Amino acid sequence: MTPDDSGDHISFDYGYDMGGGLGTTQIKRAAKLTTDATPEPVKKGKTLTVKGALTRAERETTKYSGYTGQPVALQFKAKGATAYKTVKTVTSGSKGALTATVKASADGSYRYSFAGTTTTGAATATGDYVDVQ
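One structure accompanies this document, and this report is about it. (Residues numbered from 1 in each chain as written. Predicted model: local features only at pLDDT ≥ 70, side-chain atom pairs only at ≥ 80, totals over all residues. Heavy atoms only, no water.)

## Quick notes on the overall build of the protein
Put simply, the test is: Secondary structure follows DSSP: runs of H or I at least 4 residues long count as helices, runs of E at least 2 residues long count as strands, and numbering of each begins at the N terminus. Under the scheme applied here, a residue whose accessible area is under 20% of the maximum for its type counts as buried, over 50% as exposed, and between as partly exposed, the area being computed with a 1.4 Å probe on protein chains only. Residues are treated as being in contact if the distance between any of their heavy atoms lies within 4.5 Å.
Looking only at helices and strands, one finds zero helices and 11 strands in the protein. Element order for the protein, N to C, with α for helix and β for strand: β-β-β-β-β-β-β-β-β-β-β. The burial tally for the protein puts 33% of its 133 residues in the buried class. A separation threshold of at least 6 residues defines the contact pool for the protein, and within that pool the share at least 24 residues apart is 54%.

This is the structure:
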């Protein structure tokens, strides 16, 4: 028997047989995010700076490098709350750098969240808790 690849059907001489909708698979690059809010603690009403970086895996080097020009959400979860809420969106800069400023209003955690693209997977940083005094 010879291989038959007609009509989404593949069979081989050694007894292996596949059929129907073989489709395609997309592989996305892995992404990583970091978050660091300063100063800690901060006085209520003062400016809090939240920095971070968006990086993604590079196939050629197998290392992570900055992912520039991407929208990334800065999210906040108040102490005692169960969910994060987006407070602003920033665009990743040189080497994937992220910087946002907010007015400190309550104790809670800040984090960055990236929705992903057609070539890069989504990523969410670990929250950084800030004590507001």
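## A short note on the side chain of Ser113
Note on placement: Ser113 falls in strand β9 (residues 108-114). By relative accessible area, Ser113 is classed as buried at 17%. Discounting residues that sit within four places of it in the chain, Ser113 has contacts with Leu33, Val72, Ala73, Gln75, Ala123 and Thr124.

## Re the packing of aromatic side chains
Short version of the rule: Aromatic contacts are taken between Phe, Tyr and Trp rings whose centres are within 6.5 Å, Trp giving its six-membered ring; a plane angle under 30 degrees counts as stacked, one over 60 as edge-to-face, and the others as tilted.
Evaluation of the coordinates by the stated rule reveals two aromatic pairs. Aromatic pair Tyr67 and Phe114: ring centres 5.9 Å apart, planes at 85°, arrangement edge-to-face. Pair noted here: Tyr67 is in the loop between β5 (64-66) and β6 (71-78) and Phe114 is in strand β9, with a separation of 47 residues, a long-range link. Judged by its relative accessible area of 2%, Phe114 falls in the buried class. Residues Phe76 and Tyr110 carry aromatic rings whose centres are separated by 4.6 Å and whose planes lie at 45° to one another, so their mutual orientation is tilted.

## Topic: unusual backbone geometry
With an omega of -5°, the peptide bond between Thr38 and Pro39 qualifies as cis. With respect to the helices and strands, Pro39 occurs in the loop between β3 (31-38) and β4 (47-57). Residue Pro41 follows Glu40 across a cis peptide bond; omega there is -10°. Relative to the assigned elements, Pro41 resides in the loop between β3 and β4. Positive phi outside glycine occurs at Lys95, with the angle close to 60°. Mapped onto the fold, Lys95 is located in the loop between β7 (85-91) and β8 (97-103).

## Some thoughts on the nonpolar core
It is characteristic of soluble globular proteins that their nonpolar side chains tend to be buried jointly. Our working definition: Definition used in this section: a nonpolar core is a set of buried Ala, Val, Leu, Ile, Met, Phe, Trp, Tyr and Cys residues joined via side-chain atoms within 4.5 Å.
Membership of the largest hydrophobic core comes to 23 residues, with the highest contact counts inside it found for Leu33, Leu54, Tyr110 and Tyr112. Of all the secondary-structure elements, those providing two or more residues to this core are β3, β4, β6, β8 and β9.

## A short note on the pattern of salt bridges
Inclusion rule: Salt bridges are defined by distance alone: a side-chain nitrogen of Lys or Arg within 4 Å of a carboxyl oxygen of Asp or Glu.
With the rule as written, the count across this model stands at one salt bridge. Measuring nitrogen to oxygen at the nearest pair gives 3.1 Å for the salt bridge that ties Glu58 to Arg29. Taken together, the residues Glu58 in the loop between β4 and β5 and Arg29 in the loop between β2 (17-19) and β3 connect sequence positions 29 residues apart.

## Notes on the pairing of β6
Short version of the rule: For two strands to pair, DSSP has to find at least two bridges joining them.
In this sheet, β7 lies alongside β6 in antiparallel orientation, the contact comprising six bridges. In the strand pairing of β7, Ala73 is matched with Thr89. Here β6 folds back onto β7 in antiparallel fashion, the turn holding six residues, of which Gly80 has a positive phi close to 90°. As defined by bridge partners, β6 adjoins β9 across six bridges and the pair is classed as antiparallel. Bridging from a neighbouring strand, Phe76 pairs with Tyr110 of β9.

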